[in-house]
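Spelled out from the first residue to the last, the chains are:
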Amino acid sequence: MASSGDQDRKLQVGVKAVITDEQGRVLLLKRSEPFHGEDVLKWDIPGGRIDAGEELLDALKREVKEETGLDVTSVEGIFHVQDILFNPKLHVVRITYVVRAAGEVQLSSEHVEHRWTPKEALPLDPTDIYFVDAMQANGWIK
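Residues numbered from 1 in each chain as written. Predicted model: local features only at pLDDT ≥ 70, side-chain atom pairs only at ≥ 80, totals over all residues. Heavy atoms only, no water.

A. Spotlight on the pairing of strand 1 (residues 10-19). Bridge analysis of strand 1 against strand 6 (residues 90-102) gives ten bridges, and the strand direction is parallel. Bridge pairing links Gln-12 to Val-92 in strand 6. Pairing between strand 1 and strand 4 (residues 47-49): three bridges, direction antiparallel. Paired with Lys-16 across the bridge in strand 4 is Gly-47. (Pairing = 2+ DSSP bridges. Helix = DSSP H or I, 4+ residues; strand = E, 2+ residues; numbered from the N terminus.)

B. Here's a closer look at the sheet that holds strand 1. Here four strands make up an open sheet; going across it, the order is 4-1-6-5 and the pairing mixed. Edge strands, defined here as strands with exactly one partner in the open sheet, are strand 4 and strand 5 (71-84). Here the strands of the sheet are splayed against their neighbours by 20° on average, with no regard to which way each runs. Each of strand 1, strand 4, strand 5 and strand 6 touches helix 1 (residues 56-68); the most contacted strand, strand 1, lies at about 60° to it. Contacts between helix 2 (residues 129-137) and the sheet are confined to strand 1, strand 5 and strand 6, with strand 5 contributing the most and set at about 100° to the helix. (Axes fitted to C-alpha atoms, helices over the stretch in contact; angles between N-to-C directions. Contact = heavy atoms within 4.5 Å.)

C. Local environment of the packing of aromatic side chains. For the coordinates displayed, the defined rule picks out three aromatic pairs. The interplanar angle of 65° and the centroid separation of 6.5 Å between the aromatic rings of Phe-35 and Phe-86 together place this pair among those described as edge-to-face. Taken together, the residues Phe-35 in the loop between strand 2 (25-31) and strand 3 (43-44) and Phe-86 in the loop between strand 5 and strand 6 connect sequence positions 51 residues apart. Owing to a relative accessible area of 28%, Phe-35 belongs among the partly exposed residues under this scheme. An aromatic cluster of three or more residues is present, and its members are Phe-35, Phe-86 and Tyr-130. (Phe/Tyr/Trp six-rings, centres within 6.5 Å; stacked < 30°, edge-to-face > 60°. Buried < 20%, exposed > 50% of the residue type's maximum accessible area, 1.4 Å probe, protein only.)

This is how it looks when you write it as structure tokens:
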């Protein structure tokens, strides 16, 4: 149930991509700056907020291209949907998709490192807490 202060929150929609390769490995990106008051660089997956009037899959493809240089070749489905409410002035609905992509990884300035990791070896720490939650919801980790 929404509280009386929730009507002051700004609503945004974000898209994220779990990019898998032929071996079933997942592309992880290490952020170039700590996220929201954290003091360590964490692993994450590509993605970001959609622009007003932009369709979800167009935003997903744009974000993947901007952050990794890869072109999304197929969208295999929705991995997880989350409400992100850590900021009392913001409500983000985050939709994470499983996708395949082609090309060579070329990181943007938002990330300093990348690696392809088998599902069974995905790190819990230091990894974005919302991606960890999504992995747990899908039974990838306990």
